[in-house]
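Listed below, chain by chain, are the residues.
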Amino acid sequence: MNDDNSRELYDRALSVMPGGVNSAVRAAIEPYPFFVQNGDGGHVIDADGNRYIDWVMGLGPLMLGHDLPQPVQSRIQQKASEGPMYGTPTEIEVDLAEFVVRHVPSVEKIRFVNSGTEATVSAVRLARGATGRNKIVVNQGGYHGAQESTLVEGDAESVAPSSAGIPQSFAEHTIPVPFNDETAVREAFEEHGDDIAAVMTEPILGNYGIVHPEDGYHEFLREITEEHDSLLIFDEVITGFRVGGLGCAQSEFDVTPDLTTFGKLIGGGFPVGAVGGRADLIEQFAPSGPVFQAGTFSGHPVTMAAGLESLRFAAENDVYDHIDELGDRLRDGLSDIVDDQAPEYTVAGTAGMFKVIFTRDGQAPRNAADVKNAETDRWRRIFWGQMKEQGVFLSQNQFECQFVSYGHTDEDVDETLEAYKHAL
Ligand SMILES: *Cc1c(COP(=O)(O)O)cnc(C)c1O
């Protein structure tokens, strides 16, 4: 596979951007990432003309694949041509807000922002502002964006920032516990119950392999937060409008969080985030409440149009059925291959999410530690490149989830399974 153009572009990029990229994970590929020229259905074509089946899908935002259906495409272009944005409201923000409120059980009101990170930053501030408390309980291996309160490592006893540039005193307000560990959550509440503003969790860990909740875990979180007058925040930046269809993962698990953060899919491929939830809580945001929150680009008309028309298209067409069907075929096929060739590995995922985790014991991971113990180096250094050589683009390491889109076909699934057969 020739990659002269990508190499030259990366060389230029290294001179002007840290690590040659604008988001760290993109440089996880060795020796350098390929640069994309354009998308085509479920495929991308790189700067050297190589074609790949794309299971990365922008790392989450693209439910419809790279070719936007005509009504989505034309609405985006119409909004962009009317003038990019205004600094005063437009109708399309109300339309998208109404759509989300209509479909997501726990969302009575919503504030749009510009990224998943902004959504979780705002949700944490809101939880603290609304409860008058400081502490946030998060799951180890949960990802809530590049934000101060959740970039932590360690456990409830010993927590530290996981990035340079964050004061230790910030991290001390965050309590990391293992996913699926009710005892650890109970202990956190026993020790700090009066000062826990919220428990924030992804319904399914999607940035650390894929780890599914055990039966009853989310119900338990709902009960214990209620008991202590703390809030339950579901970070549905990945699962929102992907798992559980238009009702999101909370409808699939039948648990009603107080607040939900959104991102990725609700912008239809454009930069977006949102915090939704109980009206009395969302009303705490400025200007109706005391929790300051603002953004020049928030509710951007082009983004709102892309999000609304994508979700409407999904509501009115066989998008979820198509994705579920291909996802099931892919996961079933992968399970057969794994049984045959690597019984110590496991296949994870649901709806449009999938990943083969290179576990060492054939046990589906229960928490982040189980994923960390997997053969993560083999995944990234050996396996990823072998898939790429066969024209299959997977996410850049063992930890990031992969996505099925409406743009994928049965042939894409077949070819991908063949490639796994050779690479595993
Ligand atoms: C991607 C992601 C974020 C961060 O969103 P950005 O748009 O990258 O800032 C937050 N939470 C979860 C669960 C995510 O997957």
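Cut-offs applied
Residues numbered from 1 in each chain as written. Predicted model: local features only at pLDDT ≥ 70, side-chain atom pairs only at ≥ 80, totals over all residues. Heavy atoms only, no water. Helix = DSSP H or I, 4+ residues; strand = E, 2+ residues; numbered from the N terminus. Rg over C-alpha atoms; globule rule 2.2 N^0.38 Å. Buried < 20%, exposed > 50% of the residue type's maximum accessible area, 1.4 Å probe, protein only. Contact = heavy atoms within 4.5 Å. Areas by Shrake-Rupley, 256 points an atom, 1.4 Å probe, with all protein chains shown as cover. Lys, Arg positive; Asp, Glu negative; His and termini not counted. Charge placed at Lys NZ, Arg CZ, Asp CG, Glu CD. Arc of directions from axis to C-beta. Polar contact = N/O pair within 3.5 Å; in protein donor to acceptor, adjacent residues only side chain to side chain. Near = heavy atom within 4 Å. Nonpolar A, V, L, I, M, F, W, Y, C, P; charged D, E, K, R; others polar. UniProt positions renumbered as here; feature names shortened; annotations may be inferred. Core = buried A, V, L, I, M, F, W, Y, C linked by side-chain atoms within 4.5 Å. Domains from an automatic or database assignment. Patch = residues over 30% accessible without salt bridge, like charges linked within 9 Å, V, L, I, M, F, W, Y side chains within 5 Å. Salt bridge = Lys/Arg side-chain N within 4 Å of Asp/Glu carboxyl O. Buried area = accessible area lost by both parts, 1.4 Å probe.

## Here's the deal with the overall build of the protein chain
Scanning the protein chain for helices and strands turns up 14 helices and 16 strands. Here the protein chain has a C-alpha radius of gyration of 21 Å; the compact-globule value for 424 residues is 22 Å, and the two agree. Along the three orthogonal principal directions, the C-alpha set of the protein chain runs to about 55 × 55 × 45 Å. A total of 424 residues make up the protein chain; the buried ones form 55% of that total. Pairs at least 24 residues apart make up 69% of the contacts formed inside the protein chain by residues separated by at least 6 positions. Of the roughly 17,600 Å² that the protein chain leaves accessible, carbon and sulfur atoms contribute 46%. A gap of 5 Å separates the mean positions of the 30 positive and 68 negative side-chain charges of the protein chain.

## Topic: helix 6 (residues 182-192)
Looking only at helix 6, the buried set comprises Ala 184, Val 185, Ala 188 and Phe 189. For helix 6, the angular spread of buried residues about the axis comes to 135°, placing them on one side. In helix 6, the exposed residues that point more than 90 degrees away from the buried face are Glu 190 and Glu 191. Its side-chain oxygen placed 3.2 Å from the backbone nitrogen of Thr 183, Asp 181 serves as the N-cap of helix 6.

## Looking at the site of the ligand
As a matter of local geometry, the ligand sits amid Ser 115, Gly 116, Thr 117, Tyr 143, His 144, Gly 145, Glu 202, Asn 207, Asp 235, Val 237, Ile 238 and Lys 264. Interatomic distance of 2.5 Å between a side-chain N/O atom of Thr 117 and an oxygen atom of the ligand. Contact distances for the ligand include 3.1 Å between a nitrogen atom and a backbone N or O atom of Tyr 143. Burial of the ligand by the protein chains amounts to 83% of its free accessible area of 380 Å². Grouping the amino acids of the shell around the ligand by side-chain chemistry returns three nonpolar, six polar and three charged.

## Considering the UniProt feature "modified residue: N6-(pyridoxal phosphate)lysine" (unreviewed entry) in the protein chain
With numbering aligned to this structure, UniProt lists the feature "modified residue: N6-(pyridoxal phosphate)lysine" (unreviewed entry) at Lys 264. Mapping Lys 264 onto the fold places it in the loop between strand 11 (259-262) and strand 12 (273-277). Taking relative accessible area as the criterion, Lys 264 reaches 22% and is therefore assigned partly exposed. Excluding anything up to four places from it in sequence, Lys 264 contacts Leu 59, Gly 60, Pro 61, Val 237, Ile 238 and Val 272.

## Remarks on the nonpolar core
Membership of the largest hydrophobic core comes to 65 residues, with the highest contact counts inside it found for Trp 55, Met 63, Phe 241, Phe 262, Phe 383, Leu 394 and Tyr 420. The two domains that each donate at least three residues to this core are domain 1 (34-67 + 318-423) and domain 2 (70-315). If we ignore the near neighbours within four places in the chain, the residues touching Met 63 are Phe 241, Leu 265, Leu 311, Ala 314, Val 319, Tyr 320, Ile 323, Ser 405 and Tyr 406.

## What about a negative patch on the surface?
On the surface, Asp 155, Glu 157, Glu 187, Glu 190 and Glu 191 cluster together into a patch of negative charge. With respect to the secondary-structure elements, Asp 155 resides in the loop between strand 6 (152-154) and strand 7 (159-161). Since its relative accessible area comes to 34%, Asp 155 is described here as partly exposed.

## Thoughts on the pattern of salt bridges
Think of it this way: side chains of opposite charge can pair up when their charged atoms draw near. Scanning the entire structure with this criterion turns up 20 salt bridges. With its nearest N and O atoms 2.9 Å apart, the salt bridge here joins Asp 40 to Arg 51. Taken together, the positions of Asp 40 in strand 1 (residues 36-40) and Arg 51 in strand 3 (residues 51-54) put the pair 11 residues apart, joining distant regions of the chain. The salt bridge involving Lys 79 is made with Glu 82; its shortest N-O contact spans 3.1 Å.

## A closer look at the domain arrangement of the protein chain
By the assigned domains, the protein chain splits into domain 1 (34-67 + 318-423) and domain 2 (70-315). Summarising the inter-unit geometry, the C-alpha centres of domain 1 and domain 2 are found 25 Å apart. Taken together, the 29 residues of domain 1 in the interface contact 30 residues of domain 2. Summed over both sides, the interface of domain 1 with domain 2 buries roughly 2,400 Å², with 67% coming from carbon and sulfur. Looking at the side of domain 1 facing domain 2, the largest losses of area belong to Tyr 320, Met 353 and Arg 366, adding up to 26% of the total buried there. Where domain 1 packs against domain 2, one counts one salt bridge.

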